[in-house]
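An overview of the molecular structure
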Amino acid sequence: MRSSRNCIAMPVHTSTPKEITKHIRQLIAKVAPGRDAKYLAVRPQDGAKVNECFPNVEAKISHAGGRMLCGWQIWEWPYVLVEAEFHAVWVSPEGELVEITPKQHGEETILFVPDPALTYAGLAKDNVRVAVRDDLLVHHFIRVSEEIVKVMNRGDRAGQYGYVSVPAHEFEPLRNAQAFLVHSISTGLRDHSPCLCGSGRKYKQCHSRDFSL
Ligand SMILES: [Zn+2]
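Quick summary incoming for the structure in this document. (Residues numbered from 1 in each chain as written. Predicted model: local features only at pLDDT ≥ 70, side-chain atom pairs only at ≥ 80, totals over all residues. Heavy atoms only, no water.)

1. Some details on the overall build of the protein
When helices and strands are counted, the protein shows five helices and eight strands. The secondary structure elements of the protein, listed N-terminal to C-terminal, are β-α-β-α-β-β-β-β-β-α-β-α-α. When burial is assessed residue by residue, the protein has 46% of its 213 residues classed as buried. The long-range fraction of contacts in the protein, counting pairs at least 24 apart against all pairs at least 6 apart in sequence, stands at 71%. (Helix = DSSP H or I, 4+ residues; strand = E, 2+ residues; numbered from the N terminus. Buried < 20%, exposed > 50% of the residue type's maximum accessible area, 1.4 Å probe, protein only. Contact = heavy atoms within 4.5 Å.)

2. Describing the coordination of the zinc ion
The textbook angles at a metal center are 109.5 degrees for a tetrahedron of four donors and 90 or 180 degrees for an octahedron of six. Only Cys 195 (SG), Cys 197 (SG), Cys 206 (SG) and His 207 (ND1) from the protein reach the zinc ion as donors, at distances of 2.0 to 2.3 Å. Judged by relative accessible area, which is 9%, Cys 206 ranks as buried. (Donors = N, O, S within 2.8 Å, 3.2 Å for Na, K, Ca; no water.)

3. Description of the nonpolar core
The biggest cluster of nonpolar side chains holds 26 residues, and the ones touching the most others in it are Trp 77, Phe 141, Leu 181, Ile 185 and Tyr 203. Every element with two or more residues in this core is listed here: α3 (136–152) and α4 (168–186). With eight residues, the top contributor of residues to this core is α3. Split by domain, the residues of this core number at least three in each of domain 1 (2–128) and domain 2 (134–211). (Core = buried A, V, L, I, M, F, W, Y, C linked by side-chain atoms within 4.5 Å. Domains from an automatic or database assignment.)

4. A word on α4
When the terminal C-alpha atoms of α4 are compared, their 26 Å separation across 19 residues agrees well with the 27 Å that a helix rising 1.5 Å per residue should span. All buried positions along α4 are accounted for by Glu 170, Phe 171, Leu 174, Ala 177, Gln 178, Phe 180, Leu 181, Val 182, Ser 184 and Ile 185. (Expected span 1.5 Å × (residues − 1).)

5. Points about the pattern of salt bridges
All told, the structure shown has five salt bridges when counted by the stated rule. Residue Arg 129 is joined to Glu 83 by a salt bridge in which the shortest nitrogen-to-oxygen separation is 2.8 Å. Of this pair, Arg 129 sits in strand β7 (residues 128–131) while Glu 83 sits in strand β4 (residues 81–91), placing them 46 residues apart in sequence. On the basis of relative accessible area, Glu 83 is assigned to the buried category, the value being 0%. (Salt bridge = Lys/Arg side-chain N within 4 Å of Asp/Glu carboxyl O.)

6. Some words on the state of the cysteines
For the coordinates displayed, the defined rule picks out zero disulfides. A disulfide-free cysteine, Cys 70 has its sulfur positioned 7.6 Å from the sulfur of Cys 53, the nearest such atom. Exposure remark for Cys 70: the relative accessible area of 3% places this residue in the buried category. (Disulfide = S-S within 2.5 Å.)

7. A short note on the packing of aromatic side chains
On inspection of all chains with the given rule, the structure shows five aromatic pairs. Between Phe 54 and Tyr 120, the aromatic rings sit 3.8 Å apart at their centres with planes inclined by 5°, giving stacked as the arrangement. Taken together, the positions of Phe 54 in helix α2 (residues 53–64) and Tyr 120 in the loop between β6 (109–114) and β7 put the pair 66 residues apart, joining distant regions of the chain. Relative to Phe 141, the ring of Trp 77 has its centre 5.5 Å away and its plane inclined at 80°; by these criteria the two rings are edge-to-face. Of this pair, Trp 77 sits in strand β3 (residues 67–77) while Phe 141 sits in helix α3, and the two are 64 residues apart along the sequence. When its relative accessible area of 10% is taken as the criterion, Trp 77 is described as buried. For Phe 141, a relative accessible area of 0% translates into the label buried. An aromatic cluster is present here, built from Phe 54, Trp 72, Phe 86 and Tyr 120 joined pairwise through their rings. (Phe/Tyr/Trp six-rings, centres within 6.5 Å; stacked < 30°, edge-to-face > 60°.)

8. Quick word on the environment of Glu 170
Counting through the fold element by element, Glu 170 comes out in helix α4. Residue Glu 170 is classed as buried on the basis of its relative accessible area, which comes to 19%. Placed 19 residues apart in sequence, Glu 170 and Val 151 show a C-alpha to C-alpha distance of 7.1 Å.

9. Some words on the side chain of Lys 103
Along the chain, Lys 103 falls in the loop between β5 (97–98) and β6. Here the side chain of Lys 103 touches Glu 99 through a polar contact of 2.6 Å, side chain to side chain. (Polar contact = N/O pair within 3.5 Å; in protein donor to acceptor, adjacent residues only side chain to side chain.)

10. As for the environment of Phe 180
Relative to the elements of secondary structure, Phe 180 occurs in helix α4. Of the residues examined, Phe 180 reaches a relative accessible area of 15% and is grouped as buried. With 31 residues separating them in the primary sequence, Phe 180 and Phe 211 have C-alpha atoms 10.0 Å apart.

11. Focus on the environment of Pro 55
If you trace the backbone, Pro 55 turns up in helix α2. Taking the C-alpha atoms as reference, Pro 55 lies 9.9 Å from Gly 122; in sequence the two are 67 residues apart.

Here's what the structure looks like:
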C-alpha cells in the first residue's frame, strides 16, 4: 500500500472553523503555545496543487521572491474534534501572508497559526487533534489515526520522502478500525449506543475492546 504523507489526509470532511472556540484554544496551546490564529483568504496560485503546500510555496518563491512561513492550519469536524495540520503559507516581499494552496472542498478561508520557530525539512508532522466531546469512539478514532502515522514512519520508512510503501498486514487492520470508527461517528453513534457491528452490545462493551490499543 502506498500512501502520501506530505499531507496526512483525513478520511472525513473537515472544514475551516467558523469561530475560535475553547477547544481550538486548547489545540493551539498544544501545538504552538502563545501564538495567535488568524483567518486568511485562500488565493490559489496557478498550478498549485491541493495538499501540497510546501512545494507550492517553494515554487512561488522561485519566481516571485518572498519566503515560506510554517505553522498550523486548523480544521474542525463539528461536534467531534478539532485538528491542527502542519502547513505553510507564502509571505510576499511586502510581508503579506498569502494562502496560495487550493482547498479540496473549496474553502475560501483558512484558520492559520503562524509559528516562525517551525521549518519544513522534507517530512510532515502528524496532525494533532483534540476531542470536542468525551466519547470513546472519538478518543479511539484519534488514537487509531496517530497509530497509522507511527506505522508509516516505522523503521526505514522514517527516512523516505513523499510516498511510502507500507506492508498491508501492518496497515489494513488500522485502516479498517479507522473506517469503522468514522462510520460509527458519522452515523451519530455514541459509545453507549449499540455497536455498529450488530452484536447487540454497546460499543464500549464490544469493539471498544479491540480499538483501545
Ligand atoms: Zn462491535
